[in-house]
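Examining the three-dimensional arrangement
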Amino acid sequence: MCLFCSIAKHEIEVNIAFENENIIAFLDIAPINEGHVLVVPKMHFLDADEIPNELLDEIMHLSKKIVCSIKKIYNPDGYSIMQNGGKFNDIGHYHMHIFPRYDNDGFGWTESGKEQKTGADIADKIKRNLLY
């Protein structure tokens, strides 16, 4: 069984910030900054495109509430919400990171350094392949 499925079944103790029948949100054990929360569906999914829309809506609604809570508690300079998919999902179970951000907190986004296409043809390819 995967780590997050075990957490959802309360087989592993974590510091829970929120829980209902569909979602569990808990503190990350290796936080980027204090207040780093993971939002996890209790059912096992790897990627966002596998999750039913209603559950994704619930995850995003909770993410918004967590952001509001983080703002009240920490008064950060900003926040980040992120999710990695495919082989970049290091746990193998969908999870959304939400954490407060501060100037000079050391967290950053790096670019590949490779020249990338950004033209209308790329946007058109994505638009043509959107699944509704």
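1. Re the overall build of the protein chain
Check the secondary structure of the protein chain and you find three helices and five strands. The secondary structure elements of the protein chain, listed N-terminal to C-terminal, are α-β-β-β-α-β-β-α. With the principal axes as the frame, the protein chain shows a C-alpha extent of 50 × 35 × 25 Å. Looking at the 132 residues of the protein chain, the share that counts as buried comes to 33%. Restricting to contacts in the protein chain with at least 6 residues of sequence separation, those with at least 24 account for 52%.

2. Comments concerning the pattern of salt bridges
Within this structure, the stated rule accounts for three salt bridges. Residue Lys42 pairs with Glu19 through a salt bridge whose shortest N-O separation is 2.8 Å. With Lys42 in the loop between β3 (37–41) and α2 (53–74) and Glu19 in strand β1 (residues 16–19), the pair connects residues that are 23 residues apart, well separated along the chain. Among the salt bridges present, the one from Asp124 reaches Lys127, with a minimum N-O distance of 3.9 Å. Here Asp124 and its partner Lys127 are both found in helix α3 (residues 120–128), three residues apart, which amounts to about one turn of the helix. Overall, the relative accessible area of 33% leaves Asp124 in the partly exposed class.

3. Describing the pairing of β1
By the bridge criterion, three bridges tie β1 to strand β2 (residues 23–27) in an arrangement that is antiparallel. Paired with Phe18 across the bridge in β2 is Ala25. The antiparallel hairpin formed by β1 and β2 contains three residues in its connecting segment.

4. Considering the environment of Cys68
In this fold, Cys68 is placed in helix α2. The class of Cys68 is partly exposed, set by a relative accessible area of 39%. C-alpha separation for the pair Cys68 and Glu21, spaced 47 residues apart in sequence, amounts to 22 Å.

Scoring rules and cut-offs
- Residues numbered from 1 in each chain as written.
- Predicted model: local features only at pLDDT ≥ 70, side-chain atom pairs only at ≥ 80, totals over all residues.
- Heavy atoms only, no water.
- Helix = DSSP H or I, 4+ residues; strand = E, 2+ residues; numbered from the N terminus.
- Buried < 20%, exposed > 50% of the residue type's maximum accessible area, 1.4 Å probe, protein only.
- Contact = heavy atoms within 4.5 Å.
- Salt bridge = Lys/Arg side-chain N within 4 Å of Asp/Glu carboxyl O.
- Pairing = 2+ DSSP bridges.

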